[in-house]
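Listed here are the chains, written in short residue letters.
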2 protein chains.
Amino acid sequence: MFESANLKHHVDKSVYRREATKLRQGLLHAQYELLKDGRFPVLILIAGVEGAGKSETVNLLNEWMDPRHIRASAFFDPSDEERERPALWRFWRALPPKGRIGMFFGAWHTMPIVQRVMREIGEGEFTREIAEIQRFEQMLCDEGVLLLKYWFHLSRRQQKKRLQELADDPKTRWRVTDRDRQYFKLYKRFVKVSDPFLRKTSTGEAPWIVVPGADPRYRTLTVARHLLAAMRERLGEKPVKRLPDKTPPLPAPGDRLNVLRALELDQPMTKAEYAKQLEKWQGRLNVASRDPRFKQFSVVAVFEGNDAAGKGGALRRITGALDARSYTNVAVAAPSEEERAQPYLWRFWRHLPRAGRFTFFDRSWYGRVLVERVEGFCGEADWMRAYTEINDFEGALLRHGCVVAKFWLAISKAEQYRRFKLRERIAFKRFKITGEDWRNRRKWDAYELAVCDMVDRTSTALAPWTLVEANNKYHARIKVLKTLCRALEAALERPGGGKK
Amino acid sequence: MFESANLKHHVDKSVYRREATKLRQGLLHAQYELLKDGRFPVLILIAGVEGAGKSETVNLLNEWMDPRHIRASAFFDPSDEERERPALWRFWRALPPKGRIGMFFGAWHTMPIVQRVMREIGEGEFTREIAEIQRFEQMLCDEGVLLLKYWFHLSRRQQKKRLQELADDPKTRWRVTDRDRQYFKLYKRFVKVSDPFLRKTSTGEAPWIVVPGADPRYRTLTVARHLLAAMRERLGEKPVKRLPDKTPPLPAPGDRLNVLRALELDQPMTKAEYAKQLEKWQGRLNVASRDPRFKQFSVVAVFEGNDAAGKGGALRRITGALDARSYTNVAVAAPSEEERAQPYLWRFWRHLPRAGRFTFFDRSWYGRVLVERVEGFCGEADWMRAYTEINDFEGALLRHGCVVAKFWLAISKAEQYRRFKLRERIAFKRFKITGEDWRNRRKWDAYELAVCDMVDRTSTALAPWTLVEANNKYHARIKVLKTLCRALEAALERPGGGKK
């Protein structure tokens, strides 16, 4: 990847001055058009070796454009907050919304490369990280992010000279850290690791652009020209009209049998039995939630189900056993303006709990493959790729040691009718039933199909779906409580104090 | 993945009869339309457990459609021919051309799953294989293949019953092999491995479809309906018109410096020195080519360069040292009709040598990022993704132990003019110069840019580009000969008798 960048590139002052003025105007103009257009965000990754002009370039771009609409984020050692979430969380938080420009110093590529150079991870783990990055970047591109990746390069000789210059000048001496010196000694190993890394994470849509960093004018023009061309090209694209989907990409069962219909929805449980069980499992959950080992990981639980299936009631029986400071409830409704300006999963990533805490999602990211699929709120290609994206997202949580529990509360169509009617009669429940609920009910079969595909495609060994027979609320609540409690207890027993 | 398929699905005879007739007509009709349309091939993967009706379904589809335009390929233990090429080679060979339907029994998914179940490979290697499959299938989809993946499933109980039935009947007893019995004992482990495999290799474009296999009518309808719907949808799609590319996705250098211009093209070598060197290196190459360890691997060498740079001459100095039975020359011209009906790389895969042999490509797969890019024969997205595809392709060769050598023969623009003029003057060389050559020459700068991007993005540690200064033919020929000879000698010294 560095063949061209190793050459002694150079741009004359006069050439630079003439072009810089034009580029500056062009970039500012493009930035305002992006802001007004608001269709996509621009995410710029700034990576590469020390002393190659990364910060200088970012500062200059901030100077040339309107810095109010640019957000530069530097990722150094992760904070407490960040260490308690999956590694990608810190980057998710900082993603620029549509219409804006984000610049990331040291993004998701840094850790794998450094760890591989330091031999903290083996070739297998490195390969896995590369695959994860490929899929993550693919997701960003599919979600419309204009992803531009610049790698600032210096040859070994150039870097040596540069570090020497910085160290000799009292004003810049502070910039050369021990880490820089240590990394410089490992120059060859860095090249050996980052060269294939760049090649493997370069795709047609988001290739790495290697920027020769030794000549300031040369590197500035390289980045500015490419950035401007890329923004102009995307701004000039007309949105492609997709043909409406004619045929389902996933087959419906050829008989009427599916995982929901196979459930025996009426499960017996008396009120007295319920009271006894409730006390028992709430007690156990409370004890588990106060276990010191729970300081090492977090719990994410998802509640999905038919309208009026009793999600809220089941959830209250869980939170009733917990310290209010230890959990957050997230009721998922239509996305906010801020959320609509981000990739689909962003609004869920932002609510991930710290270690030792719970987040309960009343409806969740599964909306993508349920309501959005059925109602056509997103395209077929979007919800089809969502299965993979969701599995990747939950996979990141699981690898981080998080407990992921997913509940589908199922009631029969007749039971739903009874409950809807009941809600309409009882004054304090009337707010819970709307025309929307009746409309959804008419699409019962389509929702059923979507639920079954969801279970087939996202139920994994470590994050299985629990299908809850919910015609009897007592049974449903106990099953949910018990399942969650057992999952937490099992995680506490994992070697290493709970953390995987 | 198997939640729904584990249910006892069933279709009544009357329902089946009614629908089968319609499906049969529909499929035949779609097949002829596909043949006439000729825009894409259909590739059907048939996978899953033994006894789940894989072969029955394929036989039935062959009966329902016109079998003359269907090619079913079963992949059992690889042949000698196949073992001497990378693992994917056998599948490449069997790909259906545009307009046709191919059915693969036991394709690229089989080996990784079986090896992981048998614990012959670890989790890291399994992950690497999954990533390779994801990229390979992505390439097929990008090349327009309609890829349909059916996984035939039986629950443990169903498979037990099925194997018993087959074994009890004297007419079918032969179908139950020892391997089937052994695999059945490992049923749970197979599920544990194939479940995440299916999830991870399911993409929005090519998801695995799990087919419950116990009920013959049910499974037939499931596959036939889905196949018909998928074919109809693709046949109904209008080709999307791409906007012409306005801006280059890769930046040109900001100065006039690049890896080609950095070469000192005039290298000294006298005729006498040349004769001496030629004798020495041809001798060494001949000895190396007859080394018994060379039986373990193969050599692929690529010759690219400016028009009239002397590719043919350099190549003849190599083949002059070799036994004519040990090498094949492939002169790459415009693709044949058969080749145009296949993915881009197909016409190169087909020429891969057996162990102990050489294949020399006079022009190669790099045409995609050279002439096709410059002349606009393919879209920007196509040649941009080609870098990754080429790296994957060469990566497969390297992992298989193959030696990959790549030469770019570079001459100056003035030297090219001199040679063109000379060719026009000399009668027996006149056939070598056409209007095409003069036209290409006018695009010198665009080609130069494409070559530099190619070198940056495809020169790897194990398959580096050798840039050959070729104004002096003597120097060029010796450099090529020496580089190839040394690469072969180094490979012979690898532990394990040459094979990696």
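By convention here, each chain's residues receive numbers from 1 onward along its written sequence. Whichever chain is written first becomes A and whichever ligand is written first becomes 1, with later ones labelled in order. Two thresholds apply to this predicted model, a pLDDT of at least 70 for residue-level local features and 80 or more for giving and counting side-chain atom pairs, whereas whole-chain, interface and lining totals are computed over all residues.

Q: Please set out the overall build of chain A residue by residue, giving values where relevant.
A: A count of helical and extended segments in chain A gives 20 helices and ten strands. For chain A, the spread of C-alpha atoms along the principal axes amounts to about 85 × 50 × 40 Å. Strands here mean DSSP runs of E at least two residues long; helices mean DSSP runs of H or I at least four residues long; both are numbered from the N terminus.

Q: So, the confidence of the model for chain A: which residues are in play, and what are the values?
A: Residue-level confidence of the predictor, termed pLDDT, takes values from 0 up to 100. Model confidence for chain A is summarised by a mean pLDDT of 90, while 97% of its residues fall at 70 or above. The ipTM assigned to the predicted complex is 0.78, against a pTM of 0.83.

Q: Explain the relation of the copies chain B and chain A to me, and be specific about the residues and the numbers.
A: To line up the copies, we fit them by least squares on C-alpha atoms, keeping just the residues with pLDDT of at least 70 in both. With an RMSD of 0.0 Å, the fit of chain B onto chain A corresponds to turning through 180° and sliding 0.0 Å along the axis. The symmetry that links the two subunits is that of a two-fold axis. Scanning chain B for the C-alpha nearest the rotation axis identifies Gly124(B), at a separation of 2.5 Å. Any pair of residues counts as being in contact when their C-beta atoms, constructed from backbone geometry, are within 7 Å of one another. Taken together, the interface assignments show that 100% of the residues at the interface of chain B recur at the interface of chain A, consistent with an identical surface on both copies.

Q: Could you give an account of unusual backbone geometry, with specific residues and numbers?
A: Even without a glycine there, the phi angle at Ala308(A) is positive, about 65°. By secondary structure assignment, the location of Ala308(A) is in the loop between β6 (299-305) and α12 (311-319). The class of Ala308(A) is buried, set by 23 C-beta atoms lying within 10 Å. Of note, the phi angle at Arg363(B) is positive, near 70°, even though the residue is not glycine. Among the secondary structure elements, Arg363(B) is positioned in the loop between β8 (358-362) and α15 (371-375). Burial is judged by counting other C-beta atoms within 10 Å of a residue's own C-beta: 20 or more means buried, 12 or fewer means exposed, and anything between counts as partly exposed, with every C-beta placed from the backbone.

Q: So what's going on with the nonpolar core? Which residues, and what values?
A: Residue and element names in this part refer to chain A. Residues of type Ala, Val, Leu, Ile, Met, Phe, Trp, Tyr and Cys that are buried and joined through C-beta atoms within 7 Å form what is called a nonpolar core. Formed by 112 residues in total, the largest nonpolar core has its most connected members in Tyr150 and Leu484. The element that contributes the greatest number of residues to this core is helix α20 (residues 473-492), accounting for ten residues. Domain limits in this description derive from either an automatic procedure or a database domain assignment. Each of domain 1 (13-236) and domain 2 (271-492) contributes no fewer than three residues to this core. Excluding residues that lie within four positions of it along the chain, Leu484 makes contacts with Leu285, Ala301, Ile318 and Ala405.

Q: Describe the interface of chain B and chain A, naming the residues involved and giving the relevant values.
A: Contacts between the two partners involve 56 residues from chain B, matched on the other side by 56 residues from chain A. Among the elements of the structure, α6 (123-142), α9 (187-200), β5 (208-212), α10 (216-236), α16 (380-399) and α19 (444-458) of chain B are those that each provide at least two residues to the side of chain B that touches chain A. Take the side of chain B that touches chain A: its biggest share by element is nine residues, from α10(B). Gly falls in the polar group here, along with every residue not listed as nonpolar (Ala, Val, Leu, Ile, Met, Phe, Trp, Tyr, Cys, Pro) or charged (Asp, Glu, Lys, Arg). Of the residues that constitute the side of chain B that touches chain A, the class distribution is 26 nonpolar, 18 polar and twelve charged.

Q: Account for the pairing of strand β6 (residues 299-305) of chain B, with residues named and values stated.
A: Residues and elements named next belong to chain B. Most of β6 sits out of view: seven of its seven residues are buried. Covered by surrounding structure in β6 are Val299, Ala301, Phe303 and Gly305 together with Val300, Val302 and Glu304, the residues of both alternating faces. One requirement defines pairing of two strands: DSSP has to find at least two bridges between them. Pairing of β6 with β8 involves five bridges; the strand directions are parallel. Each residue of the ladder has a partner; that of Ala301, found in β8, is Phe360. Relative to strand β9 (residues 403-410), β6 runs parallel, the two sharing seven bridges. Opposite Gly305, over in β9, you have Leu409 as the bridge partner.

Q: How would you explain the sheet that holds strand β3 (residues 101-105) of chain A if you had to name every residue and give the values?
A: Residues and elements named next belong to chain A. Judged by pairing direction, the sheet is parallel, and its five strands sit side by side in the order β2-β3-β1-β4-β5 without closing on themselves. In the strand order of this sheet, the two ends are held by β2 (70-74) and β5 (208-212), each with one partner. When the angles between neighbouring strand axes are averaged without regard to direction, this sheet yields 20°. Relative to strand β4 (residues 146-153), strand β1 (residues 42-48) runs parallel, the two sharing seven bridges. Each axis is a line fitted through C-alpha atoms, taken for helices only over the stretch in contact, and angles between the N-to-C directions span 0 to 180 degrees.

Q: Could you give me a rundown of the domain arrangement of chain A, with the residues and numbers involved?
A: Size of an interface, as often reported, equals the accessible area lost when the parts are brought together. Residues and elements named next belong to chain A. Looking at the assigned domains, one finds that chain A contains domain 1 (13-236) and domain 2 (271-492). The straight-line distance from the C-alpha centre of domain 1 to that of domain 2 is 38 Å. Contacts between the two partners involve 16 residues from domain 1 and, on the opposite side, 18 residues from domain 2. Counting residues per element, the ones that place at least two in the side of domain 1 that touches domain 2 are α4 (89-94) and α6 (123-142).

Q: Summarise helix α7 (residues 156-168) of chain A; cite the residues concerned and give the values.
A: Residue and element names in this part refer to chain A. The terminal C-alpha atoms of α7 lie 18 Å apart, and with 13 residues this matches the ideal 18 Å at 1.5 Å per residue to within 8%. Residues of α7 that are buried include every one of Gln158, Gln159, Arg162 and Leu163, and no others. The arc enclosing the buried residues of α7, seen along the axis, measures out at 130°, which places them on a common side. More than 90 degrees from the buried face of α7, the exposed residues found are Arg157, Gln164, Glu165 and Asp168. Buried positions along α7 lie against α8 (178-185) and α9 (187-200). One fewer than the residue count of a helix, multiplied by 1.5 Å, yields its expected span. Each direction from the helix axis to a C-beta atom contributes to the arc, which is the arc of those directions.

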